[in-house]
Amino acid sequence: MDFEEALTAELTMIEGLANKVFPLNAKEGTLPPYIVYLSSEGLQDKTFDGYLLFKEVECEINILHSTYREMKDLTKVVLGKILSFQGRTIGEGGPRIQNLSYEKPFELYEKEIKQYRSVIDVKFKF
């Protein structure tokens, strides 16, 4: 299981998010709450002897909900779940997260879709 599959598996375990975690864009017609994430292949660590198996992956996690209060509450739950990744394997056979860091959530209202969004930037080292 790769990082994105493991991340999806972990986040879909949160109540109300089963089948509601998507890479890049949510499926059309998806009702809140849901999560959209963006990640990359990351950057591998390097020594004088070459690249190591360890890498750091930056990930943007977008939490969307219909009210501000519900978005705030879900952000706390999602952040708690993400912090639980530290020092353990995520998903079934996914990567073992050695370290992680995050920036404070950024909040906004999306007029076009009439939903509140919380954005969390996270760096995962595995």
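Residues numbered from 1 in each chain as written. Predicted model: local features only at pLDDT ≥ 70, side-chain atom pairs only at ≥ 80, totals over all residues. Heavy atoms only, no water.

Naming follows an unreviewed UniProt entry, where the protein appears as DUF3168 domain-containing protein of Mesobacillus subterraneus.

Draft legend 1. Here's a closer look at the environment of Lys46. As for its position among the elements, Lys46 is in strand 3 (residues 43–47). A relative accessible area of 58% places Lys46 in the exposed class. In this structure, the C-alpha to C-alpha distance between Lys46 and Phe124, residues 78 residues apart in sequence, is 17 Å. (Helix = DSSP H or I, 4+ residues; strand = E, 2+ residues; numbered from the N terminus. Buried < 20%, exposed > 50% of the residue type's maximum accessible area, 1.4 Å probe, protein only.)

Draft legend 2. Quick peek at the nonpolar core. Grouped together as the largest cluster of nonpolar side chains are 25 residues, with contacts concentrated most on Phe3, Ile35, Ile61, Val78, Ile82, Phe85 and Phe124. For this core, the secondary-structure elements that each account for two or more residues are helix 1 (3–11), strand 2 (34–39), strand 4 (50–65), helix 2 (68–83) and strand 7 (115–125). Leaving out residues up to four positions away in the same chain, Ile35 has contacts with Leu11, Leu17, Lys20, Val21, Phe22, Ile61, Asn62, Ile63 and Val78. (Core = buried A, V, L, I, M, F, W, Y, C linked by side-chain atoms within 4.5 Å. Contact = heavy atoms within 4.5 Å.)

Draft legend 3. Highlighting the pattern of salt bridges. Tallied over the entire structure, the rule returns seven salt bridges. Linking Glu10 and Lys81 is a salt bridge whose minimum nitrogen-to-oxygen distance equals 3.3 Å. Placement of the pair is Glu10 in helix 1 and Lys81 in helix 2, with a sequence separation of 71 residues. Judged on exposure class, the residue Glu10 and its partner Lys81 are both buried. Residue Lys125 is joined to Asp45 by a salt bridge in which the shortest nitrogen-to-oxygen separation is 3.0 Å. Note that Lys125 is positioned in strand 7 and Asp45 in strand 3, a separation of 80 residues in sequence. Judged by its relative accessible area of 26%, Lys125 falls in the partly exposed class. Relative accessible area serves as the criterion here: at 23%, Asp45 is assigned to the partly exposed category. Overlapping salt bridges bring together Glu10, Lys81 and Arg88 as one network. (Salt bridge = Lys/Arg side-chain N within 4 Å of Asp/Glu carboxyl O.)

Draft legend 4. Examining helix 2 more closely. In this model, helix 2 (16 residues) spans 22 Å end to end at C-alpha, consistent with the 22 Å of a helix rising 1.5 Å per residue. Regarding helix 2, the residues found buried are Met71, Leu74, Thr75, Val78, Leu79, Lys81 and Ile82. Projected onto a plane normal to the axis of helix 2, the buried residues spread over an arc of 155° and lie on a single side. Its buried side turned inward, helix 2 meets helix 1, strand 2, strand 4, strand 5 (99–102), strand 6 (106–110) and strand 7. (Expected span 1.5 Å × (residues − 1). Arc of directions from axis to C-beta.)

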